[in-house]
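Spelled out, the chains give:
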Amino acid sequence: MKQLISLLSALVFITTAFAQMETVYPDGLKAGDVAPDFTVADQNGKDIQLKKVLQKGEVVLIFYRGQWCPHCNKQLSNLNDSLPFITAKGATVLAITLETPENIKKTIGKTKAAYSILEDKDMAIMKAYKVNFAVDEKTVEKYKKYGIDFDKVNGANGANLPVPATYIIGVDGKIKYAFFNPDYTQRASVKVLLE
């Protein structure tokens, strides 16, 4: 009987521990992986197909969380400030988000982004690049206290976010450089991207 009670106690403890687990992050793609192709409209309604953009040169692909994230805004602003240096190397910058079109406009207003920003409506791109994750309920409630409601900012995508990853994709369609860190305060610097 004592063994049964001990076993049940252990089972309850394990179940409770799993229920209280924090966010589980994905692995992301690595350098050398083939970059999944996609076609999606940018903020101007222009269809952007990765395969076609790569015919012109390399692509710097950025996944960002939203206009409400100061770290994202800083990264996107820095990219925009350095856009002439990036394009001089023959590269194109594409940013991908789960934000609704109205929030993408806010991002552009805050960052002055002059490159294509793509709404990943069904998370297909983020899933293909293995950067998406579901935000745990504790974090959802915490962000609501800061005025960030994922159902409003992400629409149908709800409480999901990307790890703010950066990939440089070569003209051969393979990832040449990957920056993937679940710590959203850490980003690839423009200097590193240019090198």
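Everything below is about the structure printed above this text.
If you're wondering where the values come from, they're calculated on a predicted model, not measured in any experiment.

Analysis parameters
Residues numbered from 1 in each chain as written. Predicted model: local features only at pLDDT ≥ 70, side-chain atom pairs only at ≥ 80, totals over all residues. Heavy atoms only, no water. Pairing = 2+ DSSP bridges. Helix = DSSP H or I, 4+ residues; strand = E, 2+ residues; numbered from the N terminus. Axes fitted to C-alpha atoms, helices over the stretch in contact; angles between N-to-C directions. Contact = heavy atoms within 4.5 Å. Buried < 20%, exposed > 50% of the residue type's maximum accessible area, 1.4 Å probe, protein only. Arc of directions from axis to C-beta. Polar contact = N/O pair within 3.5 Å; in protein donor to acceptor, adjacent residues only side chain to side chain. Phe/Tyr/Trp six-rings, centres within 6.5 Å; stacked < 30°, edge-to-face > 60°. Lys NZ or Arg CZ within 6 Å of the ring centre and 35° of its normal.

## As for the sheet that holds strand S8 (residues 166-169)
Hydrogen bonds along the backbone pair up the strands of a sheet, which may run parallel or antiparallel.
Line of reasoning, step 1. On the basis of which strands lie adjacent, the open sheet formed by five strands has the order S5-S4-S3-S8-S9 and mixed pairing. The open sheet is flanked by strand S5 (116-119) and strand S9 (175-179), the only strands paired with a single partner. Taking the axes of each pair of neighbouring strands and ignoring which way they run, one obtains an average angle of 20° across the sheet.
Line of reasoning, step 2. Together, strand S3 (59-63), strand S4 (92-97) and S8 form the strand contacts of helix H3 (residues 70-81), whose direction differs from that of S3 by roughly 160°.
Line of reasoning, step 3. Running over the sheet, helix H5 (residues 101-111) touches S4 and S5 and is turned about 155° from S5.

## Thoughts on helix H7 (residues 137-145)
Line of reasoning, step 1. Residues of H7 that are buried include every one of Thr 139, Val 140 and Tyr 143, and no others. Looking straight down H7, one finds its buried side chains confined to an arc of 105°; they lie on one side. Pointing more than 90 degrees away from the buried face of H7 are the exposed residues Glu 137, Lys 138 and Lys 145.
Line of reasoning, step 2. Sitting at the head of H7, Asp 136 places a side-chain oxygen 3.2 Å from the backbone nitrogen of Lys 138.

## Focus on the pairing of S8
Line of reasoning, step 1. Of the two faces of S8, the one carrying Thr 166 and Ile 168 and the one carrying Tyr 167 and Ile 169 are both buried.
Line of reasoning, step 2. As paired elements, S3 and S8 share four bridges and run antiparallel to each other. Note that in S8 the partner of Val 60 across the bridge is Ile 168.
Line of reasoning, step 3. Relative to S9, S8 runs antiparallel, the two being bridged by four bridges. Its bridge partner lying in S9, Ile 168 is registered against Tyr 177.
Line of reasoning, step 4. Taken together, S8 and the strand that follows it, S9, pair antiparallel across an intervening segment of five residues, in which Gly 173 is found at a positive phi of about 85°.

## Here we look at the packing of aromatic side chains
Describing an aromatic ring pair means giving the distance of the ring centres and the angle of the ring planes.
Line of reasoning, step 1. Applying the stated criterion across every chain yields a total of nine aromatic pairs.
Line of reasoning, step 2. Aromatic pair Tyr 129 and Tyr 167: ring centres 5.8 Å apart, planes at 45°, arrangement tilted. One end of the pair, Tyr 129, is in the loop between helix H6 (124-128) and strand S6 (132-134); the other, Tyr 167, is in strand S8, with 38 residues separating them in the sequence. Accessibility assignment for this pair places Tyr 129 and Tyr 167 in one class, buried.
Line of reasoning, step 3. Of note, Arg 65 hangs over the ring of Tyr 184, and the distance from its end group to the ring centre comes to 4.0 Å.

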